[in-house]
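# Remarks on the overall topology
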Amino acid sequence: MKQKVPVEKGQTYEIPIFSLGTSGEGVGRKDDFTVFVPGALPGETVRAAIDEVKKSYARGHVVDILKASKDRVVPPCPIYDDCGGCQLMHMDYMAQLRAKRQQVIDAVTRIGKQKDLPVLPTIGAATPWNYRNKMQFPIGRDKGHIVIGCFARGSHRIIDTTDCRIQRQGNNDIVNAVRDIVEKLGIPVYNEDRHTGVLRHCLGRVGEDGDMVVLVTATEKLPHERELVKLLRARLPRVTSIHQNIQTYRNNVILGRETRLLWGRPTILDKIGRLKFHISPRSFFQVNSEQANVLYSKALEFANLTGDETVIDAYCGTGTITLFLAQKAREVFGIEIVKPAIQDAKKNARDNGVKNAEFIVGDATAVMPRLYHQGIRADVVVVDPPRAGCTPVVLETFANMHPDRIVYVSCNPASLARDLKILGDLGYKAEKVQPVDMFPMTSHVESVALIRRKE
(Lines give C-alpha, C1' and ligand atoms only; values in the text may rest on other atoms or scores of the structure.)
Protein backbone atom coordinates (compact mmCIF):
# COMPACT_ATOMS: atom_id res chain seq x y z
CA MET A 1 0.00 0.00 0.00
CA LYS A 2 1.35 3.41 -0.96
CA GLN A 3 2.51 5.49 2.04
CA LYS A 4 0.57 8.74 2.47
CA VAL A 5 2.77 11.84 2.34
CA PRO A 6 2.16 13.69 5.65
CA VAL A 7 2.62 17.23 4.26
CA GLU A 8 0.81 19.29 1.62
CA LYS A 9 2.07 22.13 -0.52
CA GLY A 10 0.97 25.50 0.84
CA GLN A 11 0.32 24.17 4.35
CA THR A 12 2.33 25.05 7.49
CA TYR A 13 3.79 22.46 9.90
CA GLU A 14 5.90 22.28 13.03
CA ILE A 15 9.20 20.64 12.01
CA PRO A 16 12.04 19.57 14.35
CA ILE A 17 15.46 20.00 12.61
CA PHE A 18 18.08 17.27 13.14
CA SER A 19 20.98 18.05 10.78
CA LEU A 20 22.27 20.16 7.90
CA GLY A 21 22.01 19.11 4.26
CA THR A 22 24.85 19.38 1.75
CA SER A 23 23.60 22.81 0.62
CA GLY A 24 23.44 24.15 4.19
CA GLU A 25 19.68 23.71 4.57
CA GLY A 26 18.09 22.36 7.74
CA VAL A 27 16.97 18.71 7.50
CA GLY A 28 13.89 17.90 9.55
CA ARG A 29 11.18 15.27 9.72
CA LYS A 30 7.40 15.27 9.85
CA ASP A 31 6.11 11.81 10.81
CA ASP A 32 9.34 10.19 9.49
CA PHE A 33 9.08 12.13 6.22
CA THR A 34 12.10 14.30 5.30
CA VAL A 35 11.58 18.05 4.98
CA PHE A 36 14.39 20.39 3.83
CA VAL A 37 14.15 23.89 5.31
CA PRO A 38 16.78 26.49 4.24
CA GLY A 39 17.72 28.83 7.09
CA ALA A 40 16.89 26.33 9.85
CA LEU A 41 19.61 24.92 12.12
CA PRO A 42 20.07 21.53 13.86
CA GLY A 43 18.38 21.46 17.28
CA GLU A 44 15.73 23.98 16.25
CA THR A 45 11.99 23.53 15.93
CA VAL A 46 10.52 25.70 13.20
CA ARG A 47 7.14 26.42 11.72
CA ALA A 48 7.67 25.81 8.00
CA ALA A 49 5.44 26.43 4.99
CA ILE A 50 5.74 23.68 2.36
CA ASP A 51 6.76 24.90 -1.13
CA GLU A 52 7.35 21.60 -2.95
CA VAL A 53 6.38 17.97 -2.32
CA LYS A 54 8.10 14.93 -3.87
CA LYS A 55 7.67 11.18 -3.25
CA SER A 56 10.39 10.93 -0.61
CA TYR A 57 10.90 14.51 0.61
CA ALA A 58 9.51 18.03 0.72
CA ARG A 59 10.98 21.53 0.71
CA GLY A 60 9.73 24.45 2.76
CA HIS A 61 10.68 27.83 4.17
CA VAL A 62 10.81 29.14 7.73
CA VAL A 63 7.69 31.02 8.83
CA ASP A 64 8.64 31.15 12.52
CA ILE A 65 11.38 29.78 14.78
CA LEU A 66 9.66 28.10 17.74
CA LYS A 67 12.86 26.94 19.44
CA ALA A 68 16.15 28.59 18.39
CA SER A 69 19.60 26.95 18.34
CA LYS A 70 22.33 28.34 20.61
CA ASP A 71 24.43 28.49 17.41
CA ARG A 72 22.06 30.96 15.70
CA VAL A 73 23.49 34.45 15.12
CA VAL A 74 22.19 37.60 13.42
CA PRO A 75 23.68 37.80 9.88
CA PRO A 76 25.57 41.09 9.38
CA CYS A 77 24.57 41.27 5.70
CA PRO A 78 21.37 43.26 4.97
CA ILE A 79 20.50 41.21 1.84
CA TYR A 80 21.36 37.76 3.31
CA ASP A 81 17.75 36.53 3.46
CA ASP A 82 17.26 37.18 -0.28
CA CYS A 83 20.74 36.49 -1.69
CA GLY A 84 21.83 32.97 -2.64
CA GLY A 85 25.58 33.61 -2.33
CA CYS A 86 25.94 32.47 1.31
CA GLN A 87 24.04 29.73 3.13
CA LEU A 88 25.40 29.70 6.72
CA MET A 89 25.79 33.34 7.78
CA HIS A 90 23.06 32.78 10.40
CA MET A 91 25.25 30.14 12.11
CA ASP A 92 28.06 30.80 14.60
CA TYR A 93 31.43 30.30 12.86
CA MET A 94 32.72 27.58 15.23
CA ALA A 95 29.45 25.70 14.67
CA GLN A 96 29.98 26.04 10.88
CA LEU A 97 33.36 24.30 11.27
CA ARG A 98 31.79 21.45 13.24
CA ALA A 99 28.99 21.10 10.68
CA LYS A 100 31.46 20.94 7.78
CA ARG A 101 33.44 18.20 9.51
CA GLN A 102 30.17 16.30 10.00
CA GLN A 103 29.36 16.73 6.30
CA VAL A 104 32.66 14.98 5.44
CA ILE A 105 32.09 12.25 8.07
CA ASP A 106 28.59 11.56 6.73
CA ALA A 107 29.83 11.31 3.12
CA VAL A 108 32.80 9.00 3.77
CA THR A 109 30.68 6.78 6.04
CA ARG A 110 27.50 6.53 3.97
CA ILE A 111 28.83 6.80 0.40
CA GLY A 112 32.42 5.66 0.88
CA LYS A 113 31.64 2.90 3.42
CA GLN A 114 34.73 4.03 5.41
CA LYS A 115 33.54 3.15 8.90
CA ASP A 116 36.70 3.94 10.92
CA LEU A 117 38.32 6.65 8.78
CA PRO A 118 39.56 9.50 11.02
CA VAL A 119 38.16 12.88 9.93
CA LEU A 120 40.11 15.61 11.73
CA PRO A 121 38.54 18.84 13.06
CA THR A 122 38.03 21.44 10.31
CA ILE A 123 40.79 24.04 10.05
CA GLY A 124 39.00 27.38 10.16
CA ALA A 125 39.95 30.70 8.60
CA ALA A 126 41.71 33.31 10.73
CA THR A 127 39.45 35.88 9.02
CA PRO A 128 36.12 34.44 7.81
CA TRP A 129 35.03 37.73 6.14
CA ASN A 130 36.05 39.55 2.93
CA TYR A 131 38.21 36.65 1.79
CA ARG A 132 37.17 36.04 -1.84
CA ASN A 133 39.75 37.24 -4.39
CA LYS A 134 37.39 36.39 -7.28
CA MET A 135 33.87 37.62 -8.01
CA GLN A 136 31.57 36.73 -10.91
CA PHE A 137 28.15 38.35 -10.79
CA PRO A 138 25.38 38.38 -13.43
CA ILE A 139 24.22 41.77 -14.75
CA GLY A 140 20.58 42.60 -15.37
CA ARG A 141 17.83 45.20 -15.02
CA ASP A 142 15.21 45.60 -12.33
CA LYS A 143 12.60 48.40 -12.36
CA GLY A 144 14.63 50.27 -14.96
CA HIS A 145 17.92 50.17 -13.03
CA ILE A 146 21.10 48.14 -13.61
CA VAL A 147 21.54 45.39 -11.00
CA ILE A 148 24.71 43.33 -10.41
CA GLY A 149 24.96 40.62 -7.76
CA CYS A 150 24.15 37.03 -6.83
CA PHE A 151 21.01 35.22 -7.89
CA ALA A 152 18.27 34.89 -5.29
CA ARG A 153 18.05 31.39 -3.83
CA GLY A 154 16.57 28.97 -6.34
CA SER A 155 15.95 31.58 -9.06
CA HIS A 156 17.60 33.77 -11.68
CA ARG A 157 16.42 37.00 -10.06
CA ILE A 158 19.52 39.15 -9.48
CA ILE A 159 19.91 40.62 -5.98
CA ASP A 160 21.73 43.93 -6.35
CA THR A 161 24.92 43.79 -4.26
CA THR A 162 26.94 46.84 -3.20
CA ASP A 163 28.91 45.43 -0.24
CA CYS A 164 29.29 41.64 -0.32
CA ARG A 165 30.65 40.61 3.09
CA ILE A 166 32.68 37.67 1.74
CA GLN A 167 34.26 39.54 -1.19
CA ARG A 168 37.55 41.43 -0.95
CA GLN A 169 36.95 45.18 -1.01
CA GLY A 170 38.50 45.49 -4.49
CA ASN A 171 35.74 43.31 -5.95
CA ASN A 172 33.02 45.37 -4.27
CA ASP A 173 34.64 48.51 -5.71
CA ILE A 174 34.62 46.92 -9.20
CA VAL A 175 30.92 45.98 -8.99
CA ASN A 176 29.88 49.47 -7.90
CA ALA A 177 32.02 51.17 -10.55
CA VAL A 178 30.76 48.93 -13.38
CA ARG A 179 27.12 49.47 -12.34
CA ASP A 180 27.46 53.28 -12.32
CA ILE A 181 29.47 53.47 -15.55
CA VAL A 182 27.24 51.08 -17.52
CA GLU A 183 24.18 53.08 -16.37
CA LYS A 184 25.87 56.36 -17.38
CA LEU A 185 26.93 55.10 -20.84
CA GLY A 186 23.62 53.36 -21.51
CA ILE A 187 25.22 50.04 -22.49
CA PRO A 188 22.43 47.43 -22.99
CA VAL A 189 22.48 44.58 -20.47
CA TYR A 190 21.67 40.97 -21.31
CA ASN A 191 18.15 39.57 -21.06
CA GLU A 192 18.46 35.80 -20.73
CA ASP A 193 14.79 35.14 -21.53
CA ARG A 194 14.97 36.98 -24.86
CA HIS A 195 18.71 36.43 -25.52
CA THR A 196 19.13 40.14 -26.26
CA GLY A 197 21.43 42.86 -24.96
CA VAL A 198 25.19 43.02 -24.44
CA LEU A 199 26.57 42.74 -20.88
CA ARG A 200 26.07 39.33 -19.23
CA HIS A 201 28.48 39.11 -16.30
CA CYS A 202 30.98 41.21 -14.39
CA LEU A 203 34.09 39.40 -13.12
CA GLY A 204 36.59 40.85 -10.69
CA ARG A 205 39.88 39.43 -9.45
CA VAL A 206 41.94 41.01 -6.67
CA GLY A 207 45.68 40.37 -6.85
CA GLU A 208 48.81 41.33 -4.95
CA ASP A 209 49.94 43.79 -7.63
CA GLY A 210 46.58 45.06 -8.87
CA ASP A 211 43.02 44.08 -9.77
CA MET A 212 41.40 42.69 -12.93
CA VAL A 213 38.02 43.50 -14.52
CA VAL A 214 36.45 41.09 -17.04
CA LEU A 215 33.20 42.11 -18.77
CA VAL A 216 31.38 39.17 -20.35
CA THR A 217 29.34 40.14 -23.41
CA ALA A 218 26.75 38.35 -25.55
CA THR A 219 28.06 40.25 -28.60
CA GLU A 220 31.48 40.63 -30.19
CA LYS A 221 31.17 44.41 -30.17
CA LEU A 222 31.28 46.22 -26.83
CA PRO A 223 29.56 49.61 -27.17
CA HIS A 224 31.43 52.67 -25.80
CA GLU A 225 34.50 50.47 -25.30
CA ARG A 226 37.09 53.28 -25.09
CA GLU A 227 35.00 55.48 -22.84
CA LEU A 228 34.17 52.51 -20.60
CA VAL A 229 37.87 51.68 -20.15
CA LYS A 230 38.73 55.33 -19.49
CA LEU A 231 36.04 55.66 -16.81
CA LEU A 232 36.97 52.34 -15.16
CA ARG A 233 40.62 53.41 -14.95
CA ALA A 234 39.64 56.76 -13.42
CA ARG A 235 37.30 55.17 -10.87
CA LEU A 236 39.51 52.15 -9.97
CA PRO A 237 43.16 53.14 -9.40
CA ARG A 238 44.11 49.56 -8.39
CA VAL A 239 42.92 48.05 -11.68
CA THR A 240 45.82 46.99 -13.93
CA SER A 241 43.99 44.64 -16.33
CA ILE A 242 40.68 45.10 -18.23
CA HIS A 243 39.28 42.38 -20.52
CA GLN A 244 36.21 41.57 -22.61
CA ASN A 245 35.13 37.93 -22.74
CA ILE A 246 32.71 36.97 -25.53
CA GLN A 247 29.98 34.42 -24.69
CA THR A 248 27.38 34.38 -27.50
CA TYR A 249 25.65 31.09 -26.67
CA ARG A 250 22.22 30.85 -25.10
CA ASN A 251 23.20 28.87 -22.00
CA ASN A 252 24.31 29.31 -18.37
CA VAL A 253 28.06 28.99 -19.05
CA ILE A 254 29.67 32.17 -17.72
CA LEU A 255 32.82 32.48 -19.85
CA GLY A 256 33.16 32.06 -23.59
CA ARG A 257 36.28 30.86 -25.41
CA GLU A 258 37.45 34.25 -26.73
CA THR A 259 38.93 36.89 -24.42
CA ARG A 260 40.16 40.31 -25.59
CA LEU A 261 42.56 42.44 -23.56
CA LEU A 262 41.08 45.95 -23.65
CA TRP A 263 43.74 47.66 -21.56
CA GLY A 264 46.66 46.93 -19.24
CA ARG A 265 48.50 43.71 -18.46
CA PRO A 266 47.15 40.29 -19.55
CA THR A 267 47.55 38.82 -16.04
CA ILE A 268 47.66 39.88 -12.40
CA LEU A 269 49.84 38.36 -9.67
CA ASP A 270 48.76 36.70 -6.43
CA LYS A 271 50.64 34.80 -3.76
CA ILE A 272 50.11 31.54 -1.92
CA GLY A 273 52.77 31.17 0.74
CA ARG A 274 56.05 32.38 -0.78
CA LEU A 275 55.05 31.41 -4.34
CA LYS A 276 53.73 33.97 -6.85
CA PHE A 277 51.17 33.11 -9.53
CA HIS A 278 50.11 34.77 -12.78
CA ILE A 279 46.32 34.74 -13.12
CA SER A 280 44.50 35.31 -16.41
CA PRO A 281 40.71 35.74 -16.85
CA ARG A 282 40.07 32.01 -17.36
CA SER A 283 42.64 30.66 -14.87
CA PHE A 284 41.51 28.44 -12.04
CA PHE A 285 42.94 29.86 -8.82
CA GLN A 286 41.69 29.25 -5.28
CA VAL A 287 39.38 32.11 -4.28
CA ASN A 288 40.73 32.25 -0.70
CA SER A 289 44.49 32.81 -0.93
CA GLU A 290 45.15 32.59 2.83
CA GLN A 291 43.26 29.30 3.28
CA ALA A 292 44.75 27.94 0.04
CA ASN A 293 48.14 28.22 1.75
CA VAL A 294 46.75 26.16 4.66
CA LEU A 295 45.23 23.59 2.27
CA TYR A 296 48.33 23.17 0.09
CA SER A 297 50.65 23.03 3.11
CA LYS A 298 48.52 20.18 4.44
CA ALA A 299 48.68 18.41 1.04
CA LEU A 300 52.48 18.80 1.09
CA GLU A 301 52.60 17.42 4.64
CA PHE A 302 50.51 14.38 3.61
CA ALA A 303 52.73 13.83 0.53
CA ASN A 304 55.69 13.50 2.96
CA LEU A 305 58.31 14.12 0.24
CA THR A 306 62.03 13.53 0.79
CA GLY A 307 63.39 14.99 -2.47
CA ASP A 308 63.75 11.71 -4.39
CA GLU A 309 60.18 11.27 -5.59
CA THR A 310 58.46 11.55 -8.95
CA VAL A 311 55.08 13.20 -8.38
CA ILE A 312 52.07 13.56 -10.70
CA ASP A 313 49.61 16.39 -10.08
CA ALA A 314 46.46 15.65 -12.07
CA TYR A 315 44.07 18.60 -12.66
CA CYS A 316 46.89 21.08 -11.87
CA GLY A 317 45.19 24.36 -12.90
CA THR A 318 47.75 27.19 -12.94
CA GLY A 319 50.23 24.92 -11.17
CA THR A 320 49.58 26.04 -7.60
CA ILE A 321 49.86 22.62 -5.91
CA THR A 322 52.46 21.49 -8.49
CA LEU A 323 54.87 24.26 -7.51
CA PHE A 324 54.27 23.59 -3.79
CA LEU A 325 55.20 19.93 -4.39
CA ALA A 326 58.20 20.82 -6.57
CA GLN A 327 59.83 22.45 -3.54
CA LYS A 328 60.29 18.98 -1.99
CA ALA A 329 60.17 16.50 -4.93
CA ARG A 330 62.72 15.33 -7.53
CA GLU A 331 60.32 15.95 -10.44
CA VAL A 332 56.65 16.84 -10.79
CA PHE A 333 54.29 16.46 -13.77
CA GLY A 334 51.23 18.76 -13.85
CA ILE A 335 48.24 17.89 -16.06
CA GLU A 336 45.45 20.33 -16.97
CA ILE A 337 42.86 20.42 -19.79
CA VAL A 338 42.65 24.26 -20.00
CA LYS A 339 45.47 25.48 -22.26
CA PRO A 340 45.68 29.09 -20.92
CA ALA A 341 46.02 27.67 -17.39
CA ILE A 342 49.01 25.56 -18.51
CA GLN A 343 50.56 28.64 -20.15
CA ASP A 344 50.14 30.46 -16.81
CA ALA A 345 51.59 27.42 -14.96
CA LYS A 346 54.75 27.45 -17.12
CA LYS A 347 55.16 31.19 -16.55
CA ASN A 348 54.59 30.68 -12.81
CA ALA A 349 57.29 27.98 -12.74
CA ARG A 350 59.77 30.29 -14.52
CA ASP A 351 59.01 33.27 -12.30
CA ASN A 352 59.39 31.19 -9.13
CA GLY A 353 62.64 29.61 -10.35
CA VAL A 354 61.15 26.10 -10.42
CA LYS A 355 62.98 23.87 -12.92
CA ASN A 356 61.77 20.40 -11.88
CA ALA A 357 58.12 20.78 -12.98
CA GLU A 358 56.77 19.76 -16.40
CA PHE A 359 53.27 20.81 -17.49
CA ILE A 360 51.11 18.88 -19.97
CA VAL A 361 47.92 20.14 -21.68
CA GLY A 362 45.19 17.50 -21.85
CA ASP A 363 42.43 15.59 -20.14
CA ALA A 364 43.84 13.58 -17.22
CA THR A 365 41.72 10.64 -18.45
CA ALA A 366 43.87 10.51 -21.63
CA VAL A 367 47.21 11.85 -20.34
CA MET A 368 47.58 9.55 -17.31
CA PRO A 369 47.49 6.30 -19.35
CA ARG A 370 49.91 7.86 -21.86
CA LEU A 371 52.44 8.69 -19.12
CA TYR A 372 52.04 5.16 -17.77
CA HIS A 373 52.76 3.64 -21.22
CA GLN A 374 55.82 5.92 -21.52
CA GLY A 375 57.18 4.19 -18.44
CA ILE A 376 56.62 7.02 -15.96
CA ARG A 377 55.89 5.71 -12.47
CA ALA A 378 54.76 8.08 -9.76
CA ASP A 379 55.91 7.64 -6.17
CA VAL A 380 53.20 10.06 -5.08
CA VAL A 381 50.06 11.14 -6.95
CA VAL A 382 48.27 14.34 -5.98
CA VAL A 383 44.83 15.05 -7.38
CA ASP A 384 42.56 18.10 -7.07
CA PRO A 385 39.69 17.28 -9.45
CA PRO A 386 36.52 19.24 -10.34
CA ARG A 387 33.39 18.72 -8.20
CA ALA A 388 32.48 15.56 -10.13
CA GLY A 389 35.68 13.87 -8.88
CA CYS A 390 37.96 11.57 -10.90
CA THR A 391 36.95 9.28 -13.76
CA PRO A 392 37.37 5.53 -13.12
CA VAL A 393 40.10 5.45 -15.83
CA VAL A 394 42.17 8.05 -13.94
CA LEU A 395 41.78 6.17 -10.65
CA GLU A 396 42.72 2.85 -12.31
CA THR A 397 45.81 4.47 -13.87
CA PHE A 398 46.81 5.84 -10.45
CA ALA A 399 46.60 2.31 -9.06
CA ASN A 400 48.50 0.81 -12.02
CA MET A 401 51.39 3.20 -11.33
CA HIS A 402 51.60 1.77 -7.79
CA PRO A 403 52.36 5.05 -5.99
CA ASP A 404 53.04 4.65 -2.27
CA ARG A 405 50.72 7.54 -1.48
CA ILE A 406 47.81 9.36 -3.12
CA VAL A 407 46.91 12.81 -1.77
CA TYR A 408 43.35 13.67 -2.78
CA VAL A 409 42.27 17.32 -2.52
CA SER A 410 38.49 17.59 -2.83
CA CYS A 411 35.85 20.33 -2.98
CA ASN A 412 32.99 17.80 -2.82
CA PRO A 413 32.74 15.26 0.06
CA ALA A 414 30.34 13.04 -1.96
CA SER A 415 32.67 12.53 -4.95
CA LEU A 416 35.66 12.16 -2.59
CA ALA A 417 33.81 9.41 -0.69
CA ARG A 418 32.88 7.59 -3.91
CA ASP A 419 36.48 7.74 -5.18
CA LEU A 420 37.86 6.50 -1.84
CA LYS A 421 35.62 3.45 -2.18
CA ILE A 422 36.85 2.82 -5.77
CA LEU A 423 40.49 3.22 -4.69
CA GLY A 424 39.81 0.79 -1.83
CA ASP A 425 38.84 -1.86 -4.40
CA LEU A 426 42.06 -1.03 -6.34
CA GLY A 427 44.37 -1.78 -3.40
CA TYR A 428 44.48 1.56 -1.55
CA LYS A 429 43.33 2.50 1.94
CA ALA A 430 42.38 5.99 3.14
CA GLU A 431 44.26 6.87 6.35
CA LYS A 432 42.80 10.24 7.32
CA VAL A 433 40.89 13.25 6.00
CA GLN A 434 41.55 16.88 6.92
CA PRO A 435 38.68 19.32 6.19
CA VAL A 436 39.75 22.94 5.53
CA ASP A 437 37.25 25.81 5.50
CA MET A 438 38.04 27.59 2.25
CA PHE A 439 34.58 29.18 1.98
CA PRO A 440 33.33 30.59 5.32
CA MET A 441 29.63 31.48 5.50
CA THR A 442 28.82 29.01 2.70
CA SER A 443 27.93 25.31 2.77
CA HIS A 444 31.07 24.29 0.83
CA VAL A 445 34.01 22.48 2.41
CA GLU A 446 37.39 21.51 0.98
CA SER A 447 39.31 18.51 2.32
CA VAL A 448 42.57 16.63 1.90
CA ALA A 449 42.71 12.83 2.17
CA LEU A 450 45.86 10.73 2.65
CA ILE A 451 45.56 7.37 0.88
CA ARG A 452 48.22 4.62 1.08
CA ARG A 453 48.85 1.47 -0.91
CA LYS A 454 47.83 -1.61 1.05
CA GLU A 455 50.72 -3.94 1.94
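As a starting point, this report considers the structure included with it. Treat the numbers as computed from the prediction; the structure is a model and nothing was measured. (Residues numbered from 1 in each chain as written. Predicted model: local features only at pLDDT ≥ 70, side-chain atom pairs only at ≥ 80, totals over all residues. Heavy atoms only, no water.)

### Quick look at the packing of aromatic side chains
As enumerated under the stated definition, the model contains three aromatic pairs in all. Centre to centre, the rings of Tyr 296 and Phe 324 are 5.6 Å apart; their planes meet at 70 degrees, and the pair counts as edge-to-face. Placement of the pair is Tyr 296 in helix H4 (residues 289–303) and Phe 324 in helix H5 (residues 320–326), with a sequence separation of 28 residues. The class of Phe 324 is buried, set by a relative accessible area of 6%. Directly above the aromatic system of Tyr 80 lies the positively charged group of Arg 153, at a separation of 5.1 Å from the ring centroid. It is Arg 200 that lies over the ring of Tyr 190; its NZ or CZ is 4.2 Å from the centre. (Phe/Tyr/Trp six-rings, centres within 6.5 Å; stacked < 30°, edge-to-face > 60°. Helix = DSSP H or I, 4+ residues; strand = E, 2+ residues; numbered from the N terminus. Buried < 20%, exposed > 50% of the residue type's maximum accessible area, 1.4 Å probe, protein only. Lys NZ or Arg CZ within 6 Å of the ring centre and 35° of its normal.)

### Some thoughts on the sheet that holds strand S3 (residues 33–37)
What the five strands build is a closed barrel, ordered S1-S2-S3-S5-S4; its pairing is mixed. Sheet twist, expressed as the average angle between the axes of neighbouring strands with direction ignored, equals 50 degrees. With three bridges connecting them, strand S1 (residues 12–20) and strand S2 (residues 26–30) associate as antiparallel partners. Across the sheet, Ser 19 pairs through a bridge with Val 27, a residue of S2. (Pairing = 2+ DSSP bridges. Axes fitted to C-alpha atoms, helices over the stretch in contact; angles between N-to-C directions.)

### Focus on the pattern of salt bridges
Under the definition given, this model contains 21 salt bridges. One salt bridge in this structure joins Arg 141 and Glu 183, with 3.7 Å as the shortest N-O distance. In this pair, Arg 141 sits in strand S6 (residues 134–142) while Glu 183 sits in helix H2 (residues 169–185), placing the two residues 42 residues apart along the sequence. Take Glu 183: its relative accessible area is 34%, and that puts it in the partly exposed class. For Arg 265, the salt bridge identified is with Asp 209, shortest N-O distance 2.5 Å. (Salt bridge = Lys/Arg side-chain N within 4 Å of Asp/Glu carboxyl O.)

### A short note on unusual backbone geometry
Where the residue is not glycine, phi is negative for most of them; where a peptide bond is considered, it is trans in most cases. Even without being glycine, His 224 reaches a positive phi, approximately 55 degrees. Residue placement: His 224 occurs in the loop between strand S10 (211–217) and helix H3 (225–235). With phi around 60 degrees, Tyr 315 is a residue other than glycine that occupies positive phi space. Mapped onto the elements, Tyr 315 comes out in the loop between strand S15 (310–314) and H5.

### Brief notes about the nonpolar core
Residues Leu 305, Val 311, Leu 323, Leu 325 and Phe 359 are the most contacted members of the largest nonpolar core, which totals 55 residues. The greatest single-element share of this core, amounting to seven residues, is contributed by H4. For Leu 323, the residues in contact, after removing those within four places along its chain, are Leu 275, Phe 277, Asn 348, Ala 349, Asn 352, Val 354, Ala 357 and Phe 359. Counting residues in each nonpolar core, the second largest holds 37 residues, with Val 108, Ala 314, Tyr 315 and Ile 451 among its members. (Core = buried A, V, L, I, M, F, W, Y, C linked by side-chain atoms within 4.5 Å. Contact = heavy atoms within 4.5 Å.)

### Some thoughts on the environment of Tyr 296
The class for Tyr 296 is buried, based on a relative accessible area of 1%. Spatially, the C-alpha atoms of Tyr 296 and Phe 324 are 7.1 Å apart, while their sequence positions differ by 28 residues. Residue contacts for Tyr 296: discarding those within four places in its chain leaves Ile 272, Gln 286, Thr 320, Ile 321, Phe 324 and Asp 384. A polar contact is formed between the side chain of Tyr 296 and the side chain of Thr 320, at a distance of 3.2 Å. (Polar contact = N/O pair within 3.5 Å; in protein donor to acceptor, adjacent residues only side chain to side chain.)

### Some words on the packing of helix H7 (residues 364–373) against helix H8 (residues 392–400)
Put simply, H7 and H8 touch, their axes get as near as 9 Å, and they point 20 degrees apart. With respect to H8, the element H7 is oriented roughly parallel. Helix-helix and strand crossings are classified by hand; for H7 and H8 the assignment is left-handed. Contacts between H7 and H8 involve Ala 364, Thr 365, Met 368, Pro 369 and Tyr 372 from the former and Val 393, Val 394, Thr 397, Phe 398 and Asn 400 from the latter. (Parallel < 35°, antiparallel > 145°, perpendicular 65-115°, else oblique. Left-handed = near helix turned anticlockwise from the far one by under 90°.)

### Quick notes on the packing of helix H1 (residues 93–110) against helix H9 (residues 413–425)
Viewed as axis vectors pointing N to C, H1 and H9 meet at an angle of 35 degrees, and their least axial separation amounts to 8 Å. In this structure, H1 crosses over H9, and the sense of that crossing is right-handed. On H9, the residues touching Gln 103, Val 104, Ala 107 and Val 108 of H1 are Pro 413, Ala 414, Ala 417 and Leu 420. Grouping the amino acids of the contact of H1 with H9 by side-chain chemistry returns seven nonpolar, one polar and no charged. (Nonpolar A, V, L, I, M, F, W, Y, C, P; charged D, E, K, R; others polar.)

### Some details on the side chain of Ser 280
Looking at the secondary structure, you find Ser 280 in the loop between strand S14 (275–279) and H4. With a relative accessible area of 10%, Ser 280 lands in the buried category. Side chain to side chain, Ser 280 and Asp 344 meet in a polar contact 2.8 Å long. Beyond its immediate sequence surroundings of up to four residues, Ser 280 is in contact with Arg 205, Met 212, Pro 266, Thr 267 and Asp 344.

### Some points on the sheet that holds strand S12 (residues 258–264)
In a beta sheet, neighbouring strands are held together by backbone hydrogen bonds and run either parallel or antiparallel to one another. Within the open sheet, the seven strands sit side by side as S8-S7-S6-S9-S10-S11-S12. Their pairing is mixed. Edge positions in the sheet fall to strand S8 (158–160) and S12, since each has one partner strand and no second. Put simply, the sheet's adjacent strands are angled 35 degrees from each other on average, direction ignored. Examined bridge by bridge, strand S7 (residues 145–151) and S8 share three bridges and lie antiparallel to one another. By the bridge assignment, Phe 151 is partnered in S8 with Ile 158. Against the sheet, H2 contacts S6, S7, S8, strand S9 (199–206) and S10, and its axis sits at roughly 150 degrees relative to S9.

### Some points on H8
The α-helix advances 3.6 residues per turn, and as a result positions three or four apart in sequence lie on the same side. Listed in full, the buried residues belonging to H8 are Val 394, Leu 395, Thr 397, Phe 398 and Ala 399. Against S15, H7, strand S18 (380–383), strand S19 (405–410), H9 and strand S20 (428–436) lie the buried residues of H8.

### A look at the state of the cysteines
As enumerated under the stated definition, the model contains zero disulfides in all. Note on Cys 86: no disulfide assigned, nearest cysteine sulfur contributed by Cys 164 at a separation of 5.8 Å. Using a relative accessible area of 7% as the deciding quantity, one classes Cys 86 as buried. (Disulfide = S-S within 2.5 Å.)

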